[in-house]
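Descriptive structure summary
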Amino acid sequence: MTRNIMAATAALALLASGQAAAFQTPDDATTAVKPAKDGTTPEERANTARLNAEQASRAKVDNTVYAQEVSAAQQQVAHDQTVFAEETAAYEAEKARVAAMSAEERMTWEANAAACKAGDTTRCAAPTKPPH
């Protein structure tokens, strides 16, 4: 009787541990999971589909981030070009103002020098003191 109990316990332990699959016929094992023509199981195809979906989702996020970075860079370039154009225009305007002022001062000086030579002493420059 002890032998029977031990045999029953061993059989139950064998079934519980998953070793019962060894006692299945080949037909029972193949009907459980049929691979596709490419040799993959439904579980493998489901995992592949899940991984593909995850990667596509990450790629979509990466593409969105990249598009935002490109847009920001383009906006920065446009801003920099606008600032450069404004600063160049201000420089050119100041350069023209200084040139006009210089030309006006030269014309005034030439007119005063000519009047002084002609005898109008009120337009002569004040004499300079020689250095000591």
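Residues numbered from 1 in each chain as written. Predicted model: local features only at pLDDT ≥ 70, side-chain atom pairs only at ≥ 80, totals over all residues. Heavy atoms only, no water.

So, about the overall build of the protein. Regarding its fold elements, the protein presents 3 helices and 0 strands. Reading the protein from its N end, one meets helices and strands in the order α-α-α. Sorting the 132 residues of the protein into buried and exposed places 1% on the buried side. Counting every atom, the protein has about 11,700 Å² of accessible surface; 61% of that belongs to carbon and sulfur. (Helix = DSSP H or I, 4+ residues; strand = E, 2+ residues; numbered from the N terminus. Buried < 20%, exposed > 50% of the residue type's maximum accessible area, 1.4 Å probe, protein only. Areas by Shrake-Rupley, 256 points an atom, 1.4 Å probe, with all protein chains shown as cover.)

Overall, the coordinates contain 1 disulfide when judged by the stated rule. Between the sulfur atoms of Cys 116 and its disulfide partner Cys 124 the distance amounts to 1.7 Å. Across the S-S bond of Cys 116 and Cys 124 the torsion is about 100°, and the bridge reads as right-handed. Cys 116 gets classed as partly exposed once you look at its relative accessible area, which sits at 27%. (Disulfide = S-S within 2.5 Å.)

For the structure on display, the rule yields 4 salt bridges. Lys 95 is the partner of Glu 92 in a salt bridge, and the nearest nitrogen-oxygen pair spans 3.4 Å. Of this pair, Glu 92 and Lys 95 are both found in helix α3 (residues 42–117), 3 residues apart, which corresponds to roughly one turn of the helix. Overall, Lys 95 belongs to the partly exposed group, its relative accessible area being 42%. With its nearest N and O atoms 2.7 Å apart, the salt bridge here joins Arg 97 to Glu 94. Of this pair, Arg 97 and Glu 94 both sit in helix α3, 3 residues apart, which is roughly one turn of the helix. A relative accessible area of 44% means that Arg 97 is categorised as partly exposed. Taking the relative accessible area as the measure of exposure, Glu 94 reaches 37% and is therefore partly exposed. (Salt bridge = Lys/Arg side-chain N within 4 Å of Asp/Glu carboxyl O.)

Attention now goes to the confidence of the model for the protein. With 75% of its residues at a pLDDT of 70 or more, the protein has an overall mean of 84. The lowest-confidence element of the protein is helix α2 (residues 26–32), averaging 51 in pLDDT; the highest-confidence one is α3, averaging 97. (pLDDT = per-residue confidence, 0-100.)

This part covers α3. Across its 76 residues, α3 extends 111 Å between first and last C-alpha, which sits within 8% of the 112 Å expected from 1.5 Å per residue. A positive phi of about 115° marks Gly 119, the residue just after α3. (Expected span 1.5 Å × (residues − 1).)

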